[in-house]
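Coordinate inspection notes
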Amino acid sequence: MTMTVKAIAESINIMGNRSGSAMKERIQGPIQEMAKEETSAGASYLDLNIGPARKDGTELMPWVVQTVQEVVDDVPLALDTSNIDAIEAALKVIKPVASGASHIVNSIMARPERYERMVPMTADAGADFVALMWGPEGLPRDENERAALCVELLYFANEAGIP
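Attention here is on the structure that accompanies the text. (Residues numbered from 1 in each chain as written. Predicted model: local features only at pLDDT ≥ 70, side-chain atom pairs only at ≥ 80, totals over all residues. Heavy atoms only, no water.)

For any pair of aromatic rings, the description consists of the separation of the ring centres together with the inter-plane angle of the planes. Enumeration according to the criterion identifies one aromatic pair in this entry. We note Arg26 situated over the ring of Trp63; from NZ or CZ to the ring centre the distance is 5.9 Å. (Phe/Tyr/Trp six-rings, centres within 6.5 Å; stacked < 30°, edge-to-face > 60°. Lys NZ or Arg CZ within 6 Å of the ring centre and 35° of its normal.)

Turning our eyes to something else, we now look at the nonpolar core. Within the largest apolar cluster, 42 residues are counted, with the highest numbers of intra-cluster contacts made by Leu46, Val68 and Leu79. Counting residues per element, this core draws most heavily on helix α3 (residues 57-69), which supplies six residues. Leave out the neighbours within four places in its chain, and Val68 touches Ile12, Ile31, Ala35, Leu46, Leu48 and Leu77. (Core = buried A, V, L, I, M, F, W, Y, C linked by side-chain atoms within 4.5 Å. Buried < 20%, exposed > 50% of the residue type's maximum accessible area, 1.4 Å probe, protein only. Helix = DSSP H or I, 4+ residues; strand = E, 2+ residues; numbered from the N terminus. Contact = heavy atoms within 4.5 Å.)

Quick look at unusual backbone geometry now. Of the consecutive residues Asn106 and Ser107, the connecting peptide bond is found in the cis state with omega at 20°. Its location among the elements puts Ser107 in strand β4 (residues 104-109). The backbone of Arg26 sits at a positive phi, close to 55°, despite the residue not being glycine. Inspection of the secondary structure assignment puts Arg26 in the loop between α1 (17-25) and α2 (28-40). Owing to a relative accessible area of 25%, Arg26 belongs among the partly exposed residues under this scheme.

Once that is clear, we can look at the sheet that holds strand β2 (residues 45-49). Strand-to-strand pairing in sheets goes through backbone hydrogen bonds, with the strands running parallel or antiparallel. Strand order across the open sheet formed by five strands is β1-β2-β3-β4-β5, with parallel pairing between neighbours. Every other strand in the sheet has two partners, leaving β1 (8-13) and β5 (128-132) as the edge strands with one partner each. On average, each strand axis in the sheet is tilted by 30° relative to the strand beside it, whichever way the strands run. Here four bridges tie β1 to β2, and the two strands are oriented parallel to one another. Paired with Ala9 across the bridge in β2 is Leu46. Together, β1 and β2 form the strand contacts of α2, whose direction differs from that of β1 by roughly 165°. Of the strands in this sheet, β4 and β5 are in contact with helix α5 (residues 112-124), which crosses β4 at around 160°. (Pairing = 2+ DSSP bridges. Axes fitted to C-alpha atoms, helices over the stretch in contact; angles between N-to-C directions.)

So, about helix α6 (residues 143-159). Compared with an ideal rise of 1.5 Å per residue, which puts 17 residues at 24 Å, α6 spans 24 Å between its outermost C-alpha atoms and is within 8% of the ideal. Among the residues of α6, those classed as buried are Leu149, Leu153 and Ala157. For α6, the buried positions fall inside an angular range of 70° around the axis, keeping them on one side. Within α6, the exposed residues directed more than 90 degrees away from the buried face are Glu143, Asn144, Val151, Tyr155 and Glu159. On its buried side, α6 packs onto β4, α5 and β5. Regarding α6, its N-cap is Asp142, as a side-chain oxygen of that residue lies 3.0 Å from the backbone nitrogen of Asn144 further along. Gly161 sits one or two residues past α6 and shows a positive phi near 105°. (Expected span 1.5 Å × (residues − 1). Arc of directions from axis to C-beta. Polar contact = N/O pair within 3.5 Å; in protein donor to acceptor, adjacent residues only side chain to side chain.)

This next bit is on the pairing of β2. Burial runs high along β2: five of the five residues are buried. Going residue by residue along β2, you find Tyr45, Asp47 and Asn49 tucked away on one face and Leu46 and Leu48 tucked away on the opposite face as well. In terms of handedness, the path from β2 via α3 over to strand β3 (residues 77-80) forms a crossover that is right-handed. (Right-handed = clockwise from strand over helix to strand, strands pointing away.)

Further remarks concern the packing of α1 against α2. As a packed pair, α1 and α2 sit with axes 8 Å apart at the nearest point and diverge in direction by 140°. The angle between α1 and α2 places the two elements in the oblique class. Taken together, the residues of α2 that come into contact with α1 (itself represented by Arg18, Ser19, Ala22 and Met23) are Pro30, Ile31, Glu33, Met34 and Glu37. A per-class count over the contact of α1 with α2 returns five nonpolar, one polar and three charged. (Parallel < 35°, antiparallel > 145°, perpendicular 65-115°, else oblique. Nonpolar A, V, L, I, M, F, W, Y, C, P; charged D, E, K, R; others polar.)

Below is the structure:
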């Protein structure tokens, strides 16, 4: 049996020294260099993390996506922010990957007020998502609570067209 390892590069982050200041000042160069470096190093996905980005997330996330996709169009992106509006804005501008691989929304919590909005937009964009087993009551107490949250979220995703 052959196993394929997928690596998600996570250094393009608002908290990083190099990428964080570039994001804040909208300087493409450092972000594009990092995207090329991570791709050359074998990254299967590039995680673009803008943090919560409450003030300017709807402008920042699409800008970061477009900045990266100007130089790297053959690696799928993982959109990483808790700002739902920023994810939605990014999904509107993201380009398909040349290989046909799916982009990822990182992540969707098992909270109805979040997944009821996020899953349909993710499905419409043809993206996949990371399921975060963080429910209405917070972190599950045990594997039974995690399993129940997982079933709820996966059922909703399946109904939305995400297998």
